[in-house]
Amino acid sequence: MSGQDHMRTHLGNLSRSLLRLHKALLDSERVSYERVHGRIETNGAFFQLVLGDAWFAWLRPLSQLMVKIDELSEEEKIEDRTEMTLAIDSVRTMLTPSEEGNGFGRHYYDALQREPDVVLAHAAVRALLRTSSPGKESIT
């Protein structure tokens, strides 16, 4: 497998793992939201909340990063490894839970504490972040 193919495969695997993590986070947040605000009647209503409600705003940077990784994995030729490395480093940084503060890290910490599916999806992403990449011993 060429270096290009390996990078594309790695980004695709990372993208799929992030998608599973994102879904687990959305499911967890939906349950929390419904405990406070009542049942969300439709998936369309839920989608609108995810896009516009402050409750879900902390997840939007992850969504944007996922789009970036998808775009990179679909490029015909990955010419700039720096961009790929920055995206992967951004994932690593973003998915660092923090018991302190009030940003993404804190919300992520809380989700990891309450939802086993988030923990499993997190572990899968972290495992991919530890796998080797062409030209580097490890990308973690």
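Undergrad: Would you take a moment to explain the side chain of Ser73 for this structure?
TA: In this fold, Ser73 is placed in helix α3 (residues 60-74). Here Asp70 takes part through its backbone oxygen, which lies 2.9 Å from a polar atom of the side chain of Ser73. Excluding its chain neighbours within four sequence positions, the residues that come into contact with Ser73 are Arg8, Leu11 and Gly12.

Undergrad: In this structure, what is going on with the nonpolar core? I would like to understand it.
TA: Side chains that are nonpolar tend, in soluble globular proteins, to be buried together. In this structure, Leu18, Leu21, Leu25, Leu95 and Tyr108 are the most contacted members of the largest nonpolar core, which totals 36 residues. Contributions of two or more residues to this core are made by α1 (3-37), α2 (43-52), α3, α4 (81-94), α5 (104-114) and α6 (116-130).

Undergrad: What exactly am I supposed to notice about the pattern of salt bridges here?
TA: Side-chain pairs of opposite charge can arise where the charged atoms are in close proximity. A full pass over the atoms with the stated rule returns 7 salt bridges. Notably, a salt bridge pairs Asp27 with Lys23, separated by 2.7 Å at the nearest N-O pair. With Asp27 and Lys23 both in helix α1 and 4 residues apart, the pair spans about one turn of that helix. Measuring nitrogen to oxygen at the nearest pair gives 3.3 Å for the salt bridge that ties Glu34 to Arg30. With Glu34 and Arg30 both in helix α1 and 4 residues apart, the pair spans about one turn of that helix.

Undergrad: What exactly am I supposed to notice about the packing of aromatic side chains here?
TA: Evaluation of the coordinates by the stated rule reveals 5 aromatic pairs. Look at Phe46 and Phe56: their rings are 5.6 Å apart centre to centre, the planes differ by 85°, and that puts the pair in the edge-to-face class. You can see Phe46 sitting in helix α2 and its partner Phe56 sitting in the loop between α2 and α3, a full 10 residues away along the chain. By relative accessible area, which is 1% here, Phe56 ends up buried. On the basis of an interplanar angle of 55° and a centroid distance of 5.1 Å, the ring pair of Trp58 and Phe104 is categorised as tilted. Of this pair, Trp58 sits in the loop between α2 and α3 while Phe104 sits in helix α5, and the two are 46 residues apart along the sequence. With respect to burial, Trp58 and Phe104 carry one shared label: buried. Among the aromatic residues, those joined into a ring-pair cluster are Tyr33, Phe46, Trp55 and Phe56. Looking at Arg30, its charged tip hangs above the ring of Phe46, at a distance of 4.6 Å from the centre.

Undergrad: What's the story with the packing of α5 against α6 in this structure? I'm lost.
TA: Two quantities define a packed helix pair, namely the angle between the axes and the distance from one axis to the other. It is the contact of α5 with α6, at a shortest axis distance of 5 Å, that shows an interaxial angle of 115°. By the angle between their directions, the pair α5 and α6 is classed as roughly perpendicular. For α5 against α6, the interelement crossing comes out left-handed. Judged by residue contacts, Tyr108, Ala111, Leu112 and Arg114 of α5 engage Pro116, Val118, Val119 and His122 from α6. Partitioned by chemical class, the residues of the contact of α5 with α6 number 6 nonpolar, 1 polar and 1 charged.

Undergrad: What's the story with the side chain of Arg30 in this structure? I'm lost.
TA: Looking at Arg30, the relative accessible area reads 17%, which means it is buried. From its side chain, Arg30 meets the backbone oxygen of Ile40 in a polar contact 3.2 Å long. Here Arg30 is in contact with Ile40, Thr42, Asn43, Phe46 and Phe56, once residues within four sequence places are set aside.

Calculation rules
- Residues numbered from 1 in each chain as written.
- Predicted model: local features only at pLDDT ≥ 70, side-chain atom pairs only at ≥ 80, totals over all residues.
- Heavy atoms only, no water.
- Helix = DSSP H or I, 4+ residues; strand = E, 2+ residues; numbered from the N terminus.
- Polar contact = N/O pair within 3.5 Å; in protein donor to acceptor, adjacent residues only side chain to side chain.
- Contact = heavy atoms within 4.5 Å.
- Core = buried A, V, L, I, M, F, W, Y, C linked by side-chain atoms within 4.5 Å.
- Buried < 20%, exposed > 50% of the residue type's maximum accessible area, 1.4 Å probe, protein only.
- Salt bridge = Lys/Arg side-chain N within 4 Å of Asp/Glu carboxyl O.
- Phe/Tyr/Trp six-rings, centres within 6.5 Å; stacked < 30°, edge-to-face > 60°.
- Lys NZ or Arg CZ within 6 Å of the ring centre and 35° of its normal.
- Axes fitted to C-alpha atoms, helices over the stretch in contact; angles between N-to-C directions.
- Parallel < 35°, antiparallel > 145°, perpendicular 65-115°, else oblique.
- Left-handed = near helix turned anticlockwise from the far one by under 90°.
- Nonpolar A, V, L, I, M, F, W, Y, C, P; charged D, E, K, R; others polar.

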